[in-house]
Amino acid sequence: MSGYSADPRIRWTEWLPWVAAIAFFFLLPGYLSLGARILIFILFALSLDLILGYAGIVTLGHSAFFGLGAYTAGALGAHTGITDPLLQLAAAAAMSALLGLATGAVILRTRALTLLMLTLAITAILLEIANKWTSLTGGADGLSGVKVAEVLGLFRFDLYGKTAFFYCLAMLFIGWWLVRRIIYSPYGAMLTGIRENAARMHAVGAPVYWRLVLIYTISATMAGVAGALLTQVNQFVGLNVLGLEPSGDILVMLILGGVGRLYGAFIGPVVYLIAQDYLAKQYPEYWYFGIGVLLIIVVLFARGGILGLLDKWLPFLKPASSARASAR
Amino acid sequence: MAAVLETRKLCKSFGALTVADNIDFRLEPGARHALIGPNGAGKTTFVNMLMGVLAPSSGQILLGGEEVTRVPQSARVRRGLGRTFQVTTLFRSLPVLDNVALGIAEREGTATRMWKPASRHQEIKDESMQLLAALGLADDAATRVADLAYGKQRLVEIAIALGLKPKVLLLDEPAAGVPSHETDKILSNLERLPPDIAILIIEHDMELVFRFARRITVLVQGVVLTEGTPEEIARDVRVHQVYLGEQAHA
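Bear in mind that the values here come from a model prediction, so they are computed numbers and not experimental data.

The rules behind the values
- Residues numbered from 1 in each chain as written.
- Chains lettered and ligands numbered in written order.
- Predicted model: local features only at pLDDT ≥ 70, side-chain atom pairs only at ≥ 80, totals over all residues.
- Pairing = 2+ DSSP bridges.
- Helix = DSSP H or I, 4+ residues; strand = E, 2+ residues; numbered from the N terminus.
- Contact = placed C-beta atoms within 7 Å.
- Axes fitted to C-alpha atoms, helices over the stretch in contact; angles between N-to-C directions.
- pLDDT = per-residue confidence, 0-100.
- Nonpolar A, V, L, I, M, F, W, Y, C, P; charged D, E, K, R; others polar.
- Buried ≥ 20, exposed ≤ 12 C-beta atoms within 10 Å, placed from the backbone.
- Right-handed = clockwise from strand over helix to strand, strands pointing away.

1. Observations concerning the sheet that holds strand E1 (residues 5-14) of chain B
Residue and element names in this part refer to chain B. The strand order E2-E1-E4-E5 describes an open sheet built from four strands, whose pairing is antiparallel. Whereas interior strands pair on both sides, the edge strands pair on one side only; in this sheet they are strand E2 (17-27) and strand E5 (66-67). Sheet analysis places strand E4 (residues 58-63) next to E5, joined by two bridges and oriented antiparallel. If you follow Leu62 over to E5, its bridge partner there is Glu67. Against the sheet, helix H1 (residues 43-51) touches E1, E2 and E4, its axis set at about 60 degrees to E2.

2. Description of the confidence of the model for chain A
In this model, chain A carries an average pLDDT of 91, and 96% of its residues clear a pLDDT of 70 or more. Long-range and interchain partners of residues 320-328 of chain A, a stretch whose pLDDT sits below 50, account for 15 contacts in this model, where long-range means more than four residues apart.

3. Quick notes on the sheet that holds strand E3 (residues 32-36) of chain B
Residues and elements named next belong to chain B. Read from one edge of the open sheet, six strands run E6-E7-E8-E3-E9-E10, paired in mixed fashion. The sheet terminates laterally at strand E6 (81-84) and strand E10 (223-228), the two strands that pair on one side only. The sheet shows a mean angle of 20 degrees between the axes of neighbouring strands, taken without regard to direction. By the bridge criterion, four bridges tie E6 to strand E7 (residues 168-172) in an arrangement that is parallel. By the bridge assignment, Arg83 is partnered in E7 with Leu170. The sheet contacts of H1 involve E3, E6, E7, strand E8 (198-202) and strand E9 (215-220), and relative to E7 the element is tilted by about 150 degrees. Contacts between helix H5 (residues 150-163) and the sheet are confined to E6 and E7, with E6 contributing the most and set at about 175 degrees to the helix.

4. Points about the interface of chain A and chain B
Every contact between the two is made by 30 residues of chain A and, on the other side, 39 residues of chain B. Going through the elements one at a time, helix H7 (162-184), helix H8 (186-196), helix H9 (198-203) and helix H15 (322-327) of chain A are the ones with two or more residues in the side of chain A that touches chain B. In terms of residue count, the dominant contributor to the side of chain A that touches chain B is H8 of chain A (eight residues). The residue makeup of the side of chain A that touches chain B, split by class, is 16 nonpolar, 10 polar and four charged.

5. A closer look at the pairing of E8 of chain B
Residue and element names in this part refer to chain B. Taken across its five residues, E8 has five buried, putting it largely inside the fold. Burial along E8 is two-sided: the residues Ala198, Leu200 and Ile202 and Ile199 and Ile201 are all buried. As judged from the five bridges shared by E7 and E8, these two strands associate in the parallel manner. Across the sheet, the residue bridging to Leu171 is Ile201, located in E8. Between the parallel elements E7 and E8, the chain passes through helix H6 (residues 180-191) in a crossover that is right-handed.

Structural data, given as structure tokens:
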């Protein structure tokens, strides 16, 4: 899809998510808070796809950055006078970037199961810190009373979630554009090379470790922004943004949608969160069962995720890279 | 003449097992040098130490006269050391063009750019195409490596290494696993490599070695048994005993 043989132009199908988002705003005004939540998790999933789908870094600890971003925005809004949403986002981005750089520099020297356990350990440690440091985080009760001022001094976060929806949509658009830029760039092609065959990338002179640390930091930054958005939209942050569970959730969302294909990160959260919303209303105690069945069906019958199925059934959606086109 | 690649008393042991024992080795500019030896002689270990994949237990490695014993692999590659792998090590799901372009981008220092799409780096693609054309792979540029015949995959190995414009090229069994009627194609491509590249070839196919190499080093159980011209090696009784003899019995 990406790389030296790919066609980098934006195809018409790539505008569909944005058309759908605008349509959602006008057709389902009662569901805007769910909509904003979906947009946030798409941004979170996009950040995960960048390292998992393109660079091949398997992680169960991506919530560390999401959670740190969420608590950074929360602590600023609840304890300090910094209520400007963009300033809070910037602070969350900076904190998550630092954590991504610091932890990435340590754990990316390892691989496979060791790496997986280390990522998990980091988010578990942050969860415990958030749990114990009650004066800052509110502990198990969560941190309420997070103040968020008007966006750009103009748009108040309203009761219906209209501002929140467009604010999240704007951030997601920026995130999508940056990620798309990266994956079509030489850096993105190089990451695919590392995922495909790290030994060969070493042998052509790539300092693989540093390249992974950089993309890990970028991904952590994005995840931190997503976390901060969740805090701002809810004006609350709880312990459920850290630890294994949100890491697992976002991984499941991405796998549902399709890993390493950019738009899998869009489809996965939509299906997951709508299914969750519906199932939680119908069967409040068993909704995870439905998600489990969905995941089993996808990994058994649609290895490329839902997007993989769409490719098969609706071939015109498939990105026609110049490589494939000229091979035909 | 100064050697482009040199080892001094290079040793490597894994516990009690010594796989490289005081190897003194010199590769002259423009050399066509072969490293031969029976299975388990430590040839691939030697290449891995030269590349920086494995750290030697003791001894020195010099590249272009400078010591690189502790220099990481990526920095050695940037100083002009290239290799191919005994076991095909390619980006299997990527087109042939990308396989070569990724290496060329590393050499040119454009691999870390994050803005302009890779496919608009026309100079990288042009150079990749020229290289593929020179190796007779132009028609396969858009084919995924996984869909390529094995003999051609071996050529892609060589193409990637050449894209780095190495001063020293280590070929680890370039014809491994290639059916004998295709070995010629690989050999003819090797013979057309730029004469200023110093080449060290590790190979089991004796016919290929004696046609290609102008010097041969024989490695046995981590020790350099002897070194000389192909004629000298062919006459050497010890080589026949430990290596050629063994092959005759096998």
